[in-house]
Amino acid sequence: VSEPTSDVAHDVVIAGAGIVGAACADECARRGLRVAVIERDIVGSGATAAGMGHIVVMDDSDAQFALTRYSQRLWQDLRPQLPDDVEYEQCGTIWVAADEEEMAEVWRKHDCYKKRGVPTEILDAQTLKRLEPNLRDGMAGGLLVPEDGVLYPPCAARFLLERAQQRGAELHLGASVAEIGEGHVRLTDGSEIRAEVIVNAGGASAPELTLGIEIKKRKGHLVITDRYPGFLRHQLVELGYLKSAHSLRSDSVAFNVQPRRTGQILIGSSRQYGAEHTEVDNDVLARMLRRAQEYMPGLATMSTLRVWTGFRAATPDKLPLIGPWPQDKSVFLATGHEGLGITTSLGTAKILVDLITGAKPEIPAEPYLPSRATKECTHA
Amino acid sequence: MAGQACRISTGGEPRGPLCGMGICFECRATINGNAHCRSCQILCEPGMEVTTDE
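Treat the numbers as computed from the prediction; the structure is a model and nothing was measured.

### Concerning the overall build of chain A
Part 1: Of the regular secondary structure elements, chain A holds ten helices and 18 strands.
Part 2: For chain A, the C-alpha radius of gyration of 21 Å lies close to 21 Å, the compact-globule estimate for 380 residues.
Part 3: Expressed along its principal axes, the backbone C-alpha trace of chain A runs to roughly 70 × 45 × 40 Å.
Part 4: Expressed as a percentage of its 380 residues, the buried residues of chain A come to 58%.
Part 5: If you take every contact in chain A between residues at least 6 apart in sequence, the share linking residues at least 24 apart comes to 75%.
Part 6: Accessible surface computed for chain A: about 15900 Å², of which carbon and sulfur atoms make up 50%.
Part 7: Where the 42 positive side-chain charges of chain A centre and where its 51 negative ones centre are 3 Å apart.

### Focus on the overall build of chain B
Part 1: Looking only at helices and strands, chain B features zero helices and five strands.
Part 2: Starting at the N terminus and ending at the C terminus, chain B contains elements arranged as β-β-β-β-β.
Part 3: Against the globule reference of 10 Å for 54 residues, chain B gives a C-alpha radius of gyration of 11 Å, in line with a compact fold.
Part 4: In terms of overall dimensions, chain B has C-alpha extents of about 30 × 20 × 15 Å along its principal axes.

### A look at the environment of A:Thr344
Residues and elements named next belong to chain A.
Part 1: In this structure, Thr-344 sits in helix α9 (residues 341–357).
Part 2: Distance from Thr-344 to Ile-363, taken between C-alpha atoms, is 13 Å for residues 19 residues apart in sequence.
Part 3: With sequence-adjacent residues up to four places away left out, Thr-344 is seen in contact with Leu-67, Thr-68, Ser-71 and His-337.

### Structural notes on the layout of surface pockets
Part 1: Quantified by volume, the second largest pocket comes out at close to 370 Å³.
Part 2: Residue composition of the lining of the second largest pocket, grouped by class: eight nonpolar, seven polar and five charged.

### Description of the interface of chain A and chain B
Part 1: Across the contact, five residues belong to chain A and six residues belong to chain B.
Part 2: Summed over both sides, the interface of chain A with chain B buries roughly 450 Å², with 48% coming from carbon and sulfur.
Part 3: On the surface where chain A and chain B come into contact, there are one salt bridge.
Part 4: Linking chain A with chain B are four residue pairs in polar contact (both at pLDDT 80 or more).
Part 5: Residues belonging to the side of chain A that touches chain B are distributed by class as follows: one nonpolar, two polar and two charged.

### So, the nonpolar core
All names here are of chain A.
Part 1: Among the nonpolar cores identified, the biggest contains 51 residues, and Val-12, Ile-14, Trp-75, Leu-160 and Val-199 are the most heavily contacted of them.
Part 2: Those elements giving two or more residues to this core turn out to be β1 (10–15), α1 (19–30), β2 (35–39), α2 (62–78), α5 (153–166), β11 (192–200), β18 (331–335) and α9.
Part 3: Setting aside chain neighbours within four positions, we find Ile-14 in contact with Gly-21, Cys-24, Ala-25, Val-35, Ala-36, Val-37, Ile-38, Val-199 and Ala-201.

### Details of the side chain of A:Thr48
All names here are of chain A.
Part 1: Here Thr-48 shows up in the loop between β2 and β3 (54–55).
Part 2: Its relative accessible area of 7% is what places Thr-48 among the buried residues.
Part 3: Of the polar contacts made by the side chain of Thr-48, one reaches the backbone nitrogen of Ile-19; its length is 2.9 Å.
Part 4: Here Thr-48 is in contact with Gly-18, Ile-19, Pro-153, Pro-154, Ala-157 and Ile-342, once residues within four sequence places are set aside.

### Observations concerning helix α8 (residues 282–295) of chain A
Residue and element names in this part refer to chain A.
Part 1: Compared with an ideal rise of 1.5 Å per residue, which puts 14 residues at 20 Å, α8 spans 20 Å between its outermost C-alpha atoms and is within 8% of the ideal.
Part 2: Along α8, the residues classified as buried are Val-284, Leu-285, Met-288, Ala-292 and Tyr-295. Mapping the buried residues of α8 onto a view down its axis gives an arc of 100°, with all of them on the same face. Within α8, the exposed residues directed more than 90 degrees away from the buried face are Asn-282, Asp-283 and Arg-290.

### Quick word on the sheet that holds strand β4 (residues 34–38) of chain B
All names here are of chain B.
Part 1: Ordered in space as β4-β3-β5, the three strands form an open sheet in which the pairing is antiparallel. Lying at the two open borders of the sheet, with one neighbouring strand each, are β4 and β5 (50–51).
Part 2: Bridging between strand β3 (residues 28–31) and β5 involves two bridges; their strand directions are antiparallel. Considered in β5, the bridge of Ile-31 is made with Val-50.

Each value, and the rule that gives it
- Residues numbered from 1 in each chain as written.
- Chains lettered and ligands numbered in written order.
- Predicted model: local features only at pLDDT ≥ 70, side-chain atom pairs only at ≥ 80, totals over all residues.
- Heavy atoms only, no water.
- Helix = DSSP H or I, 4+ residues; strand = E, 2+ residues; numbered from the N terminus.
- Rg over C-alpha atoms; globule rule 2.2 N^0.38 Å.
- Buried < 20%, exposed > 50% of the residue type's maximum accessible area, 1.4 Å probe, protein only.
- Contact = heavy atoms within 4.5 Å.
- Areas by Shrake-Rupley, 256 points an atom, 1.4 Å probe, with all protein chains shown as cover.
- Lys, Arg positive; Asp, Glu negative; His and termini not counted.
- Charge placed at Lys NZ, Arg CZ, Asp CG, Glu CD.
- 1 Å grid on protein atoms, 1.4 Å probe; cavity = no way out; pocket = protein on both sides within 12 Å on 5 of 7 lines; lining within 4 Å.
- Points joined across faces, edges and corners; volume = space filled by probe spheres on them.
- Nonpolar A, V, L, I, M, F, W, Y, C, P; charged D, E, K, R; others polar.
- Buried area = accessible area lost by both parts, 1.4 Å probe.
- Salt bridge = Lys/Arg side-chain N within 4 Å of Asp/Glu carboxyl O.
- Polar contact = N/O pair within 3.5 Å; in protein donor to acceptor, adjacent residues only side chain to side chain.
- Core = buried A, V, L, I, M, F, W, Y, C linked by side-chain atoms within 4.5 Å.
- Expected span 1.5 Å × (residues − 1).
- Arc of directions from axis to C-beta.
- Pairing = 2+ DSSP bridges.

See the structure below:
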């Protein structure tokens, strides 16, 4: 950032106070930047409130691995400072293999994680059954990733933003951004804020402010049960999830369940393109719950308290957009995290602020730069 | 059960059946191992195991 001119009140203005915007505000404030955050709703009310809060290492690509692992380490460092209501629990993930074909994926994943220094444990059928007795009989086994964890995303976002505010960040709630660009943020009430850098952290709504971003809304459903302490101990994800999550076109559901500290069970997951409304889709919900019951029959008799939906910000190459937007030198992006935004919010914030201030990011930023998307666009 | 507590709320308060028609969820008990059953909506059967909070 160049020396701010006298009439520029902010170094950075962030549009969006989801967990990504909150983490970026926190990192800006920590490094002494004068930052303001604008949020039309409440903190953590978009995809943040519809995310499971699974802090997970993923290995779909080298770049995805690098960002999720980097971010997971940042969460672990932050853990002693997290307030109780963030409910961080290092419960571990078990990737569940239903058959021998999926067991081969367990071995591949194990080798991949081992090479990169992530501890894992291969579980045979008996060990899996001992760790999670409520899985149905006949599972082939699984892969335990003990350093994965869970947290409660809205409270995590609030914590990050409050910490930013303690360091001087401004938060404007109930203000809607109409337009950003060339160092200006124009709100829908006609007022303007000037800033050296404007960060679009608008999640699935980011294309409304920055035309031409390749982000599609990918709808998801979540269900939460009443309290059943002890029923579930780890975050369980079917390995078939990889097949369904990779499909770009069709609607898909997968078995993905999470134990909350209260004893409640959070049940996912569904993925839909082309669904614009927040209403619960009963067909998709029924498929999702059937899938969950195929893995854990005991879920069938449980009482559920709430069903809700949200929109992931999905990019074509499954990687977020972090860094300068090539078409306007005052605009930076921090969006496109799809289903990994809770995990990768902290790594995103570090990389983004490194790029803003000209520091060298701790992991290579190239795979996440928005310029890679426009390149693809031009060549397509 | 009228007037008696059948469960303890997460806030530590004794709770008992109120509406008797499956709406208020105050009559929840563990029936045959299933937690959070609305006891006012389930017919008693011989051998049924009903557990309330102490």
